[in-house]
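Chain by chain, the residues run as shown.
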Amino acid sequence: MKHEGTQLAQIVLEYSNQAAVTDNDGEYYPRVSAVARCPRDMAMHRYGEPWSDPPAASWGSQFRFDLGYDTEERMIVAMENAGIRVLCQQLTVEATSKEGIVVTGHLDGIAVVPDEYPHGGKWYVLDVKSAGPYMYRRVYDPEVSKPKHEHVKQISVYANSIINDPKEPELNGTRVCDLNVHGYEFGGGLIAYVSIDRPTKGFGDKKEDLPKVHFCQFDIDMEEAEMYLDVFDDVERHYKERTLPEYPHPKDDVVWGGTRCSTRWCSRYRVCQGLVEPQSKELKEVF
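Summary of the structure given here. All chains use their own residue numbering, which begins from 1 and follows the written sequence. Totals for whole chains, interfaces and linings use all residues, but because this is a predicted model, local features are given only for residues with pLDDT of at least 70 and pairs of side-chain atoms are given and counted only at 80 or more. Side-chain calculation: all heavy atoms of the structure are included, whereas hydrogens and water are not.

## Concerning the overall build of the protein chain
Here is step 1 of the chain: Numbered from the N terminus, helices here are DSSP runs of H or I no shorter than four residues, and strands are runs of E no shorter than two. For the protein chain, the count of helices and strands is nine helices and ten strands.
Here is step 2 of the chain: The globule rule is 2.2 Å times the number of residues to the power 0.38, and the radius of gyration it is compared with is taken over C-alpha atoms. For the protein chain, whose C-alpha radius of gyration is 21 Å, the value lies close to the compact-globule estimate of 19 Å for 287 residues.
Here is step 3 of the chain: Each principal axis of the C-alpha atoms in the protein chain carries an extent, and together these give about 60 × 55 × 35 Å.
Here is step 4 of the chain: Across the 287 residues of the protein chain, 44% fall into the buried class.
Here is step 5 of the chain: Put simply, 68% of the contacts in the protein chain that link residues at least 6 apart link residues at least 24 apart. Buried residues are those whose accessible area, probed at 1.4 Å on protein chains only, stays under 20% of the maximum for their type, while exposed residues exceed 50% and partly exposed ones sit between those limits. We call two residues in contact when some of their heavy atoms are within 4.5 Å.

Next up, the structure:
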(Lines give C-alpha, C1' and ligand atoms only; values in the text may rest on other atoms or scores of the structure.)
Protein backbone atom coordinates (compact mmCIF):
# COMPACT_ATOMS: atom_id res chain seq x y z
CA MET A 1 0.00 0.00 0.00
CA LYS A 2 1.29 3.46 -0.89
CA HIS A 3 2.31 5.58 2.10
CA GLU A 4 0.23 8.59 3.07
CA GLY A 5 2.55 11.16 1.51
CA THR A 6 2.09 9.49 -1.89
CA GLN A 7 -1.67 9.41 -1.38
CA LEU A 8 -1.70 13.08 -0.39
CA ALA A 9 0.25 14.03 -3.51
CA GLN A 10 -2.26 12.15 -5.65
CA ILE A 11 -5.12 14.18 -4.15
CA VAL A 12 -3.34 17.45 -4.99
CA LEU A 13 -2.58 16.26 -8.53
CA GLU A 14 -6.19 15.16 -9.07
CA TYR A 15 -7.52 18.58 -8.10
CA SER A 16 -4.89 20.33 -10.22
CA ASN A 17 -5.75 18.12 -13.19
CA GLN A 18 -9.41 19.10 -13.11
CA ALA A 19 -8.55 22.42 -14.73
CA ALA A 20 -6.75 20.60 -17.54
CA VAL A 21 -9.52 18.12 -18.36
CA THR A 22 -12.80 19.91 -17.59
CA ASP A 23 -13.02 21.80 -20.88
CA ASN A 24 -10.58 19.64 -22.87
CA ASP A 25 -8.92 22.14 -25.23
CA GLY A 26 -12.07 24.26 -25.51
CA GLU A 27 -13.93 25.28 -28.62
CA TYR A 28 -11.87 25.19 -31.80
CA TYR A 29 -10.66 28.48 -33.17
CA PRO A 30 -7.64 29.19 -35.42
CA ARG A 31 -4.77 30.43 -33.27
CA VAL A 32 -1.16 31.13 -34.17
CA SER A 33 0.22 28.85 -31.46
CA ALA A 34 -1.40 25.90 -33.30
CA VAL A 35 0.36 26.55 -36.61
CA ALA A 36 2.63 23.51 -36.12
CA ARG A 37 -0.09 21.30 -34.62
CA CYS A 38 -1.06 17.94 -36.15
CA PRO A 39 -3.65 18.72 -38.90
CA ARG A 40 -5.58 15.52 -38.19
CA ASP A 41 -5.97 16.43 -34.51
CA MET A 42 -6.94 19.98 -35.50
CA ALA A 43 -9.63 18.66 -37.84
CA MET A 44 -11.10 16.39 -35.18
CA HIS A 45 -11.14 19.37 -32.83
CA ARG A 46 -12.91 21.37 -35.56
CA TYR A 47 -15.61 18.67 -35.67
CA GLY A 48 -16.13 19.20 -31.94
CA GLU A 49 -14.62 15.89 -30.88
CA PRO A 50 -13.67 15.83 -27.17
CA TRP A 51 -10.56 14.15 -25.85
CA SER A 52 -10.51 10.37 -25.87
CA ASP A 53 -7.26 10.36 -23.88
CA PRO A 54 -7.14 13.17 -21.29
CA PRO A 55 -3.87 13.64 -19.41
CA ALA A 56 -3.37 11.51 -16.33
CA ALA A 57 -3.30 13.43 -13.07
CA SER A 58 0.13 12.01 -12.23
CA TRP A 59 1.63 13.78 -15.26
CA GLY A 60 1.02 17.18 -13.68
CA SER A 61 0.04 18.74 -17.01
CA GLN A 62 -1.52 21.81 -15.41
CA PHE A 63 1.64 22.40 -13.34
CA ARG A 64 3.72 22.21 -16.53
CA PHE A 65 1.37 24.58 -18.35
CA ASP A 66 1.50 27.11 -15.51
CA LEU A 67 5.28 26.76 -15.35
CA GLY A 68 5.48 28.00 -18.93
CA TYR A 69 3.66 31.20 -18.00
CA ASP A 70 5.81 31.72 -14.90
CA THR A 71 8.97 31.20 -16.95
CA GLU A 72 7.88 33.75 -19.54
CA GLU A 73 7.27 36.44 -16.92
CA ARG A 74 10.53 35.80 -15.11
CA MET A 75 12.55 35.70 -18.35
CA ILE A 76 11.18 39.04 -19.50
CA VAL A 77 12.02 40.60 -16.12
CA ALA A 78 15.56 39.20 -16.37
CA MET A 79 15.99 40.57 -19.89
CA GLU A 80 14.82 44.02 -18.88
CA ASN A 81 17.11 43.98 -15.84
CA ALA A 82 19.94 43.27 -18.29
CA GLY A 83 19.04 46.34 -20.34
CA ILE A 84 17.01 44.61 -23.08
CA ARG A 85 13.65 46.35 -23.40
CA VAL A 86 10.66 44.11 -24.03
CA LEU A 87 7.84 46.12 -25.59
CA CYS A 88 4.29 45.25 -26.67
CA GLN A 89 3.94 42.36 -24.23
CA GLN A 90 0.95 40.08 -24.99
CA LEU A 91 0.10 42.16 -28.06
CA THR A 92 -2.95 40.77 -29.88
CA VAL A 93 -2.39 40.13 -33.59
CA GLU A 94 -4.27 38.58 -36.49
CA ALA A 95 -3.06 36.76 -39.58
CA THR A 96 -5.28 35.93 -42.53
CA SER A 97 -4.81 32.80 -44.63
CA LYS A 98 -5.12 32.66 -48.40
CA GLU A 99 -8.73 31.49 -48.07
CA GLY A 100 -9.68 34.15 -45.55
CA ILE A 101 -9.30 32.28 -42.26
CA VAL A 102 -8.47 34.76 -39.48
CA VAL A 103 -5.85 33.35 -37.10
CA THR A 104 -5.41 35.06 -33.73
CA GLY A 105 -2.37 35.18 -31.50
CA HIS A 106 -0.56 37.04 -28.72
CA LEU A 107 3.10 38.01 -28.86
CA ASP A 108 5.28 37.49 -25.83
CA GLY A 109 6.82 40.81 -26.80
CA ILE A 110 9.24 42.82 -28.92
CA ALA A 111 12.85 42.57 -27.73
CA VAL A 112 14.98 45.66 -28.34
CA VAL A 113 18.67 44.73 -28.07
CA PRO A 114 21.15 47.57 -27.35
CA ASP A 115 23.80 48.38 -29.93
CA GLU A 116 26.69 47.11 -27.81
CA TYR A 117 25.16 43.67 -27.25
CA PRO A 118 25.35 40.59 -29.50
CA HIS A 119 22.53 40.84 -32.08
CA GLY A 120 22.52 44.52 -31.05
CA GLY A 121 21.01 47.50 -32.82
CA LYS A 122 17.92 45.52 -33.83
CA TRP A 123 14.51 44.55 -32.50
CA TYR A 124 13.04 41.08 -32.63
CA VAL A 125 9.74 39.27 -32.29
CA LEU A 126 10.36 37.52 -28.97
CA ASP A 127 9.01 34.23 -27.74
CA VAL A 128 9.97 32.57 -24.47
CA LYS A 129 9.94 28.77 -24.33
CA SER A 130 10.39 26.63 -21.23
CA ALA A 131 12.27 23.53 -22.32
CA GLY A 132 12.63 20.06 -20.90
CA PRO A 133 16.01 18.28 -21.05
CA TYR A 134 15.44 16.68 -24.47
CA MET A 135 14.29 19.86 -26.22
CA TYR A 136 16.98 21.95 -24.59
CA ARG A 137 19.75 19.64 -25.75
CA ARG A 138 18.31 19.78 -29.28
CA VAL A 139 18.33 23.57 -29.50
CA TYR A 140 21.47 24.33 -27.49
CA ASP A 141 24.52 24.96 -29.64
CA PRO A 142 27.04 27.67 -28.72
CA GLU A 143 28.26 27.92 -32.32
CA VAL A 144 25.08 27.75 -34.43
CA SER A 145 21.55 29.04 -33.91
CA LYS A 146 19.17 26.12 -34.44
CA PRO A 147 15.71 26.88 -33.06
CA LYS A 148 13.00 24.25 -33.15
CA HIS A 149 11.17 24.45 -36.49
CA GLU A 150 7.68 24.58 -34.98
CA HIS A 151 8.77 27.64 -33.00
CA VAL A 152 10.14 29.27 -36.15
CA LYS A 153 6.74 28.77 -37.78
CA GLN A 154 4.89 30.37 -34.88
CA ILE A 155 7.10 33.45 -34.62
CA SER A 156 7.22 33.89 -38.40
CA VAL A 157 3.43 34.07 -38.47
CA TYR A 158 3.47 36.57 -35.61
CA ALA A 159 5.90 38.77 -37.53
CA ASN A 160 3.68 38.75 -40.60
CA SER A 161 0.47 39.41 -38.63
CA ILE A 162 -1.55 42.60 -38.33
CA ILE A 163 -1.91 44.24 -34.92
CA ASN A 164 -5.48 44.39 -33.60
CA ASP A 165 -5.23 45.18 -29.91
CA PRO A 166 -7.57 47.48 -27.94
CA LYS A 167 -4.67 48.28 -25.59
CA GLU A 168 -2.57 49.66 -28.48
CA PRO A 169 -4.99 51.56 -30.76
CA GLU A 170 -2.21 53.63 -32.32
CA LEU A 171 -0.57 50.44 -33.61
CA ASN A 172 -3.68 48.75 -34.96
CA GLY A 173 -3.55 47.97 -38.67
CA THR A 174 0.26 47.77 -38.70
CA ARG A 175 2.03 44.60 -39.70
CA VAL A 176 4.26 43.52 -36.82
CA CYS A 177 7.48 43.43 -38.88
CA ASP A 178 6.75 46.98 -40.07
CA LEU A 179 6.70 48.47 -36.57
CA ASN A 180 8.86 51.55 -36.18
CA VAL A 181 11.17 51.11 -33.20
CA HIS A 182 13.18 54.33 -33.22
CA GLY A 183 16.86 53.75 -33.90
CA TYR A 184 16.51 50.01 -34.46
CA GLU A 185 15.87 47.84 -37.49
CA PHE A 186 13.88 44.64 -37.63
CA GLY A 187 16.10 41.62 -36.95
CA GLY A 188 13.71 38.69 -37.28
CA GLY A 189 12.79 36.25 -34.55
CA LEU A 190 14.39 35.67 -31.16
CA ILE A 191 13.57 32.68 -28.97
CA ALA A 192 14.60 32.55 -25.33
CA TYR A 193 14.85 28.92 -24.29
CA VAL A 194 14.82 28.42 -20.51
CA SER A 195 15.69 24.98 -19.21
CA ILE A 196 13.24 23.87 -16.51
CA ASP A 197 15.77 21.33 -15.18
CA ARG A 198 19.50 21.38 -14.68
CA PRO A 199 20.74 21.46 -18.30
CA THR A 200 23.58 19.05 -18.99
CA LYS A 201 25.13 17.05 -21.79
CA GLY A 202 27.16 13.87 -21.64
CA PHE A 203 27.21 11.18 -18.98
CA GLY A 204 29.32 10.15 -16.02
CA ASP A 205 32.70 11.83 -15.86
CA LYS A 206 32.02 13.54 -19.18
CA LYS A 207 28.82 15.25 -18.00
CA GLU A 208 29.01 19.02 -18.22
CA ASP A 209 26.60 21.73 -17.24
CA LEU A 210 25.03 23.97 -19.87
CA PRO A 211 23.81 27.55 -19.40
CA LYS A 212 20.28 27.77 -18.01
CA VAL A 213 19.17 30.14 -20.79
CA HIS A 214 19.88 29.98 -24.51
CA PHE A 215 18.85 32.44 -27.26
CA CYS A 216 18.22 31.49 -30.88
CA GLN A 217 17.94 34.23 -33.50
CA PHE A 218 16.67 33.55 -37.01
CA ASP A 219 15.68 35.50 -40.09
CA ILE A 220 12.06 35.42 -41.22
CA ASP A 221 10.90 34.65 -44.74
CA MET A 222 7.53 36.38 -45.17
CA GLU A 223 6.51 34.17 -48.09
CA GLU A 224 7.08 31.10 -45.94
CA ALA A 225 5.16 32.76 -43.10
CA GLU A 226 2.13 33.00 -45.39
CA MET A 227 2.52 29.37 -46.42
CA TYR A 228 2.52 28.24 -42.79
CA LEU A 229 -1.10 29.39 -42.57
CA ASP A 230 -2.16 26.85 -45.20
CA VAL A 231 -2.82 24.29 -42.46
CA PHE A 232 -5.82 26.31 -41.28
CA ASP A 233 -7.26 26.37 -44.81
CA ASP A 234 -6.70 22.62 -45.08
CA VAL A 235 -8.54 21.96 -41.81
CA GLU A 236 -11.49 24.10 -42.87
CA ARG A 237 -11.58 22.43 -46.28
CA HIS A 238 -11.70 18.98 -44.70
CA TYR A 239 -14.46 20.13 -42.37
CA LYS A 240 -16.61 21.42 -45.24
CA GLU A 241 -16.00 18.31 -47.33
CA ARG A 242 -16.63 15.98 -44.36
CA THR A 243 -13.21 14.34 -44.56
CA LEU A 244 -10.10 14.05 -42.39
CA PRO A 245 -6.44 14.69 -43.20
CA GLU A 246 -4.29 11.61 -43.66
CA TYR A 247 -2.15 10.36 -40.79
CA PRO A 248 1.09 12.37 -40.60
CA HIS A 249 4.26 10.66 -41.71
CA PRO A 250 6.05 9.22 -38.64
CA LYS A 251 9.03 11.51 -39.29
CA ASP A 252 6.90 14.66 -39.60
CA ASP A 253 7.74 17.47 -37.17
CA VAL A 254 4.07 17.83 -36.20
CA VAL A 255 4.23 14.45 -34.46
CA TRP A 256 7.79 14.86 -33.17
CA GLY A 257 9.12 12.07 -35.37
CA GLY A 258 6.28 9.76 -34.34
CA THR A 259 6.68 10.26 -30.59
CA ARG A 260 3.54 12.38 -30.37
CA CYS A 261 1.34 9.62 -31.84
CA SER A 262 0.55 8.03 -28.48
CA THR A 263 -1.90 8.42 -25.61
CA ARG A 264 0.87 10.21 -23.66
CA TRP A 265 1.08 13.11 -26.08
CA CYS A 266 -2.11 13.05 -28.18
CA SER A 267 -5.39 13.58 -26.35
CA ARG A 268 -7.37 12.19 -29.29
CA TYR A 269 -5.11 9.25 -30.07
CA ARG A 270 -7.60 6.40 -29.64
CA VAL A 271 -10.38 8.06 -31.60
CA CYS A 272 -7.86 9.06 -34.29
CA GLN A 273 -6.71 5.44 -34.61
CA GLY A 274 -10.26 4.08 -34.66
CA LEU A 275 -9.82 2.32 -31.34
CA VAL A 276 -12.87 4.03 -29.82
CA GLU A 277 -15.99 5.48 -31.42
CA PRO A 278 -16.16 9.26 -31.89
CA GLN A 279 -18.50 11.17 -29.61
CA SER A 280 -19.11 13.99 -32.08
CA LYS A 281 -22.08 13.27 -34.35
CA GLU A 282 -20.34 15.11 -37.18
CA LEU A 283 -17.14 13.11 -36.81
CA LYS A 284 -19.09 9.83 -36.65
CA GLU A 285 -20.36 10.56 -40.16
CA VAL A 286 -16.78 11.01 -41.36
CA PHE A 287 -15.51 7.78 -39.84
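## Thoughts on the packing of aromatic side chains
Here is step 1 of the chain: For this analysis, a ring pair means two rings from Phe, Tyr or Trp (six-membered ring only for Trp) whose centres lie within 6.5 Å, classed as stacked if their planes differ by under 30 degrees, edge-to-face if by over 60, and tilted for the remaining angles. This structure, assessed with the given rule, holds four aromatic pairs.
Here is step 2 of the chain: Ring geometry for F65 against Y69: centres 5.2 Å apart, planes inclined by 70 degrees, an arrangement best described as edge-to-face. Here the residue F65 and the residue Y69 both occupy positions in helix α3 (residues 61-81), the gap between them amounting to four residues, near one helical turn.
Here is step 3 of the chain: Here the aromatic rings of Y136 and Y140 are separated by 6.1 Å at their centres, their planes lie at 15 degrees, and the arrangement is stacked. Here Y136 and Y140 have matching classes, each one buried.
Here is step 4 of the chain: Think of it as a cone above the ring: NZ of Lys or CZ of Arg counts as a charge over the ring if it is within 6 Å of the ring centre and within 35 degrees of the ring normal. Positioned over the ring face of Y29 is R31, at 5.9 Å from the centre of the ring.

## Digging into unusual backbone geometry
Here is step 1 of the chain: The backbone phi angle of Q90 is positive, close to 60 degrees, even though this residue is not glycine.
Here is step 2 of the chain: Note on Q90: relative accessible area 32%, which makes it partly exposed.
Here is step 3 of the chain: We note that H119 has phi near 60 degrees; this positive angle belongs to a residue other than glycine.
Here is step 4 of the chain: Relative to the assigned elements, H119 resides in the loop between β4 (109-113) and β5 (122-131).

## A word on empty space enclosed by the protein
Here is step 1 of the chain: Grid points spaced at 1 Å and placed over the protein atoms alone form the basis of the search, with a cavity being a set where a 1.4 Å probe fits but cannot get out and a pocket an open set showing protein on both sides within 12 Å along at least five of seven lines. Lining residues have an atom within 4 Å of a point. Grid points are joined across faces, edges and corners, and a volume is the space filled by probe spheres set on the points. The final tally for this structure, using the stated rule, is two cavities of 30 Å³ or more.
Here is step 2 of the chain: If you go around the largest cavity, the residues you meet are A36, H149, E150, K153, D253 and V254.
Here is step 3 of the chain: All amino acids are sorted into three groups, where Ala, Val, Leu, Ile, Met, Phe, Trp, Tyr, Cys and Pro are nonpolar, Asp, Glu, Lys and Arg are charged, and the leftover types, Gly among them, are polar. Tallied by class, residues from the lining of the largest cavity come to two nonpolar, one polar and three charged.
Here is step 4 of the chain: A volume near 30 Å³ is recorded for the second largest cavity.
Here is step 5 of the chain: Together, P133, Y136, R137, S195, R198, P199 and T200 line the second largest cavity.
Here is step 6 of the chain: When residues in the lining of the second largest cavity are grouped by element, the largest group, three residues, is from helix α4 (residues 133-139).
Here is step 7 of the chain: Residues of the lining of the second largest cavity, tallied by class, amount to three nonpolar, two polar and two charged.

## Let's talk about the nonpolar core
Here is step 1 of the chain: Residues belong to one nonpolar core when they are buried, are Ala, Val, Leu, Ile, Met, Phe, Trp, Tyr or Cys, and are joined through side-chain atoms within 4.5 Å. Counting 49 residues, the largest nonpolar core has L107, I110, V125, V176, Y193 and F232 as its most contacted members.
Here is step 2 of the chain: Ranked by the residues each element gives to this core, the list is headed by helix α5 (residues 149-159), at five residues.
Here is step 3 of the chain: Within the second largest apolar cluster, 13 residues are counted, among which are I76, V86, Y124 and L190.

## Observations concerning the environment of D197
Here is step 1 of the chain: In this structure, D197 sits in the loop between β7 (185-195) and β8 (200-201).
Here is step 2 of the chain: Among the residues examined, D197 registers a relative accessible area of 37% and is labelled partly exposed.
Here is step 3 of the chain: As for D197 and Q273, which are separated by 76 residues in sequence, their C-alpha atoms are 34 Å apart.
Here is step 4 of the chain: Excluding anything up to four places from it in sequence, D197 contacts P133 and K212.

## With respect to the pairing of β7
Put simply, side chains in a regular strand alternate between the two faces of the sheet.
Here is step 1 of the chain: Here β7 lies mainly inside the structure; nine of its eleven residues are buried.
Here is step 2 of the chain: If DSSP finds at least two bridges between two strands, the strands pair. In the sheet, β7 pairs with strand β10 (residues 213-218) via six bridges, with the strands oriented antiparallel. Bridge pairing in β10 places A192 opposite F215.

## A short note on the sheet that holds β4
Here is step 1 of the chain: Here five strands make up an open sheet; going across it, the order is β1-β4-β5-β7-β10 and the pairing mixed. Two strands lie at the open edges of the sheet, namely β1 (85-87) and β10, each paired on one side alone. The mean angle between the axes of side-by-side strands here comes to 35 degrees, regardless of whether they run parallel or antiparallel.
Here is step 2 of the chain: With nine bridges joining them, β5 and β7 adopt parallel strand pairing. Of the residues in β7, the one forming a bridge with V125 is G189. All axes here are fitted lines through C-alpha atoms, helices being fitted over the stretch that makes contact, and every angle between N-to-C directions spans 0 to 180 degrees.

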